[in-house]
Amino acid sequence: MNYDIVIVGGGPAGLAAAIEAKKEGAQSILVIERDRELGGILQQCIHNGFGLVVFNEELTGPEYAQRFINELKKYEIEYKTDTMVIEITEGKIIKAINSVDGLMNIQAKAIILAMGCRERTRGAIAIPGFRPAGVFNAGTAQRYINMEGFMVGKKVVILGSGDIGLIMARRMTLEGAQVLAVAEMMPFSGGLTRNIVQCLDDFDIPLKLSHTITRIKGKDRVEGITLQKVDDNLKPIPNTEEEIECDTLLLSVGLIPENELSREAGIEIDLLTNGPSVSESMETSIDGIFACGNVVHVHDLVDFVTEESRRAGKSAAKKVLSQNNDKNRMIETKALSGISYIVPQRIDLKNCNETIPLLMRVKNVYHNAYLVVKADGNEIMKVKRKHLAPGEMERIDLKKESLLDDYSNLTIEVREIS
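What you see is a predicted model; the values in this text were computed from it and never measured. (Residues numbered from 1 in each chain as written. Predicted model: local features only at pLDDT ≥ 70, side-chain atom pairs only at ≥ 80, totals over all residues. Heavy atoms only, no water.)

## Re empty space enclosed by the protein
Then step 1. On inspection of all chains with the given rule, the structure shows two cavities of 30 Å³ or more.
Then step 2. Estimated volume of the second largest cavity: approximately 50 Å³.
Then step 3. The wall of the second largest cavity is formed by Phe304, Glu307, Glu308, Arg311, Pro357, Leu359 and Arg395.
Then step 4. Contributions of two or more residues to the lining of the second largest cavity are made by helix H8 (302-320) and strand S23 (355-362).
Then step 5. Ranked by residues supplied to the lining of the second largest cavity, first place goes to H8 with four residues. (1 Å grid on protein atoms, 1.4 Å probe; cavity = no way out; pocket = protein on both sides within 12 Å on 5 of 7 lines; lining within 4 Å. Points joined across faces, edges and corners; volume = space filled by probe spheres on them. Helix = DSSP H or I, 4+ residues; strand = E, 2+ residues; numbered from the N terminus.)

## Section: the pattern of salt bridges
Then step 1. Scanning all chains against the criterion turns up 22 salt bridges.
Then step 2. Between Arg395 and Glu307 there is a salt bridge, with the nearest N and O atoms lying 2.7 Å from each other. A residue pair is termed long-range when its members are at least 10 positions apart, and Arg395 in strand S26 (residues 394-399) and Glu307 in helix H8 qualify at 88 residues.
Then step 3. One salt bridge in this structure joins Arg385 and Glu394, with 2.8 Å as the shortest N-O distance.
Then step 4. Overlapping salt bridges, with partners in common, bring together Asp35, Arg36, Glu37, Arg143 and Glu148 in one network. (Salt bridge = Lys/Arg side-chain N within 4 Å of Asp/Glu carboxyl O.)

## Structural notes on the environment of Ser337
Then step 1. In this fold, Ser337 is placed in the loop between strand S20 (330-335) and strand S21 (339-343).
Then step 2. Here the alpha-carbon distance between Ser337 and Ile167, two residues 170 residues apart in the chain, equals 31 Å.
Then step 3. In this structure, Ser337 is in contact with Glu413 and Val414, ignoring residues within four places of it in sequence. (Contact = heavy atoms within 4.5 Å.)

## Some thoughts on the sheet that holds strand S22 (residues 346-348)
Then step 1. Reading across the sheet, the five strands line up as S22-S20-S27-S24-S25 and stay open at both edges, with mixed pairing between neighbours. The open sheet has two edge strands with one neighbour each: S22 and strand S25 (378-388). Taking each pair of neighbouring strands and ignoring which way they run, the sheet shows an average axis angle of 25°.
Then step 2. When S20 meets strand S27 (residues 409-416), the two strands line up parallel, connected through four bridges. Counterpart to Ala335 in the pairing with S27 is Ile412. (Pairing = 2+ DSSP bridges. Axes fitted to C-alpha atoms, helices over the stretch in contact; angles between N-to-C directions.)

Written out as structure tokens, the structure reads:
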């Protein structure tokens, strides 16, 4: 099997990349999806709030995904579901397997990685106690309820205030469960402000900041949890224990980009994002392999995933059509004070567009601050923000004209307004 472009992952990132690559002129494109249907995580996200940026209207997750699935089929882009990619070898050969075709060796001229991310589990955070029934990752519970039709519990506590945890607090309430508390170890929420308001405040669900769960009670089924305050070093404070009776614990304690394939292929991984280090064209450290979406860094809005993936699809098509094969000196990006990471990690000034989107997250909550951009130590741009929070991704659109050919590094930092 030979294709111009093979895309690993048929979620929102993979679909957008495939469609954009086709529009750009790539002829033979294959999308490989391990699940039984296209659409990825959006198929279980039945709440609204998607599409406000891309379509200027409010859609549910399945509605958003279906628009891209319909477009994929309109362009007659080939796809395989229930298919697992097991290896990407040198020379861009993809080894994949399914029950119909068996083991396949697929040759690609360019590859786009769009595997998304997975949830951090209980084992990763090491909560003491037995392993009773009733402990779920929030996304797993979401799939059970929204797609499989199973209710996971009646008296619920949620650990972690990421967007999935907040949305599931509302979902469980609407299904008749009692959500007793959402606990968050950090002194701020990890989710969007709109989700805190719509999912917690509107339903009088308490958000307990600077709290964590230090014990799960119950052997066969969850019987309760021990909630405890934490200090500035995130260590439990003695004598602050609070016992809560419940039958279900949902964990929303972070997302991890799915990069086992990337690492095995030898792609450079950014330790700050846990995703591939990419250029402004979304190309990884290996020539002709691109990455986009949550496999690169965890996004808060799927609309931003779509924009980034379209850029990856367009770049991959140009690579295949031999329009963008020059290797030039890169400008490296670096996160300074108050910034957790920056994507892209490097910029090819000769091949980039007139506007370069820089995506980042801050480390803390700030009010009235500047995002300051410097090139080789010279301030070239600053953007004022009334509110900055780690749960909300920030974007700066940098003009190409503000960069000189001899610049070697670009930095961004938070500067608070006194």
